[in-house]
Amino acid sequence: MTTILVTGGAGYIGSHACKALKVAGYTPVTFDNLVTGWRDAVKFGPFEQGDLSDRARLDEVFAKYKPAAVMHFAALSQVGEAMSEPGRYWRNNVAGSLTLAEAAVAAGCLNFVFSSTCATYGEHDNVVLDESTPQIPLNAYGASKRAVENILRDFEAAHGLRHVIFRYFNVAGADPEAEVGEHHRPETHLIPVMLEAIDGKRPALTIHGTDYATPDGTCIRDYVHVCDLVDAHVLGLNWLEQGKGSQVFNLGTGKGFSVREVIDASRSVTNREVPFSEGPRRAGDATKLVSGSTRAEADLGWEPKRSTMPQMIADAWRWHQTGHYDG
């Protein structure tokens, strides 16, 4: 079977991508330093521990498996941390990705699928983003991802490294069979935090601002089911395998969900009340951040089939009740 090198394959999105690749007939090889990933999440192919800064280790893995493509998820991704420790983000996300791209080119592996972010766009409040929206990132996380996109474009011009780039906002849900799921320490994402509050594992959820110009007064954010997201990445890999040109694709629902809608859906799915309190707005929070996916739907045939809030919460709740990683 065709081998794909999956960086960050022990993380939330990467582990789901490995399962999707396995189902599609590929052999995913996980390359992960386990700083934020989990060894227990590597279930669908070989595991190679290593850091993107270690060129010799990367060369060894490329030589051993001879992958046909790279699927690159490995990155630091906490916006608050990126604000306080920008150097760590530039070193890890940008320098690490540069080393990876150089190793791929040296090994003759010239197909590259990159998991980017809509944070490269910055704050475009209350519009539906598309791939032509100006990129004006507000922090080192978004800036580092944009820098990697630029690296890929330069490497295509110089070395023929063809690439597909995906930009998206929030990822939610879990594998419907609960083989892998979302497990962060500490947890900062709304849906798993909410589920932990339901279970009494943390204090009440805080709604930050209830006076926004939205139907229910709370912020609206775009969410994509993790299985829909990784399906897009497999379609992006197929795009490159067919010899098509490098491309950027946004992935989103085009409408988003408010905080209260997330809470209401959770109540309906779990039959449990969500303990929450109402607090003031947080500085820098936009009213509505959503992305469209017209290009991905037209060119890749992608559909966000599971990206309804009840479905995302139901799958996350199943994992929350049955799944965990020990190491």
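Throughout what follows, the structure given in this document is the object of discussion. Quick caveat, the model's predicted, so the values are computed rather than measured.

Quick word on the overall build of the protein
Assigned secondary structure in the protein consists of ten helices and 15 strands. With respect to the principal axes defined by its C-alpha atoms, the protein has extents near 55 × 40 × 40 Å. When burial is assessed residue by residue, the protein has 55% of its 327 residues classed as buried. Only carbon and sulfur atoms are counted for the fraction: they give 50% of the accessible area of the protein, which is about 13,500 Å².

Notes on the pattern of salt bridges
Counted by the stated rule, this structure contains 20 salt bridges. Put simply, Glu 48 and Arg 57 hold a salt bridge, and the shortest N to O gap is 2.6 Å. The exposure class assigned to Glu 48 is buried, which follows from its relative accessible area of 8%. Arg 57 sits in the buried class, given a relative accessible area of 16%. Residues Glu 149 and Arg 153 are paired through a salt bridge, measuring 3.6 Å at the closest nitrogen-oxygen approach. With Glu 149 and Arg 153 both in helix α5 (residues 140–159) and four residues apart, the pair spans about one turn of that helix. With relative accessibility at 34%, the residue Arg 153 sits in the partly exposed group. One network of salt bridges, with partners in common, ties together Lys 19, Asp 175, Glu 177 and Glu 179.

Observations regarding unusual backbone geometry
Although it is not a glycine, Leu 34 adopts a positive phi angle of roughly 65°. Residue placement: Leu 34 occurs in the loop between β2 (27–32) and β3 (47–49). A relative accessible area of 25% places Leu 34 in the partly exposed class. Positive phi is not limited to glycine here, since Asn 126 has a value of about 65°. Looking at the element boundaries, Asn 126 is found in the loop between β5 (111–115) and β6 (128–129).

Some thoughts on the packing of helix α4 (residues 86–106) against α5
Two numbers describe a pair of packed helices, the interaxial angle and the distance between the axes. Look at α4 against α5: their axes get within 9 Å of each other, and the N-to-C directions meet at 20°. Taken as axis vectors, α4 and α5 run roughly parallel relative to one another. For α4 against α5, the interelement crossing comes out right-handed. Listed contacts from α5 to Pro 86, Tyr 89, Trp 90, Asn 93, Val 94, Ser 97, Leu 98, Ala 101, Glu 102 and Val 105 of α4 are Ala 140, Tyr 141, Ala 143, Ser 144, Ala 147, Val 148, Ile 151, Phe 155 and His 159. Of the residues in the contact of α4 with α5, the class split is 14 nonpolar, four polar and one charged.

Focus on the packing of helix α8 (residues 259–270) against helix α10 (residues 309–322)
Interaxial distance between α8 and α10 falls to 9 Å at its minimum, and their mutual angle equals 55°. It follows from the interaxial angle that α8 and α10 lie oblique. The element α8 and its partner α10 pack so that their crossing is right-handed. Together, Glu 261, Val 262, Ala 265, Ser 266, Val 269 and Thr 270 of α8 and Met 309, Pro 310, Ile 313, Ala 314 and Trp 317 of α10 make up the contact between the two elements. Each residue belonging to the contact of α8 with α10 can be placed in one class, and the counts come to eight nonpolar, two polar and one charged.

Conventions adopted
Residues numbered from 1 in each chain as written. Predicted model: local features only at pLDDT ≥ 70, side-chain atom pairs only at ≥ 80, totals over all residues. Heavy atoms only, no water. Helix = DSSP H or I, 4+ residues; strand = E, 2+ residues; numbered from the N terminus. Buried < 20%, exposed > 50% of the residue type's maximum accessible area, 1.4 Å probe, protein only. Areas by Shrake-Rupley, 256 points an atom, 1.4 Å probe, with all protein chains shown as cover. Salt bridge = Lys/Arg side-chain N within 4 Å of Asp/Glu carboxyl O. Axes fitted to C-alpha atoms, helices over the stretch in contact; angles between N-to-C directions. Parallel < 35°, antiparallel > 145°, perpendicular 65-115°, else oblique. Left-handed = near helix turned anticlockwise from the far one by under 90°. Contact = heavy atoms within 4.5 Å. Nonpolar A, V, L, I, M, F, W, Y, C, P; charged D, E, K, R; others polar.

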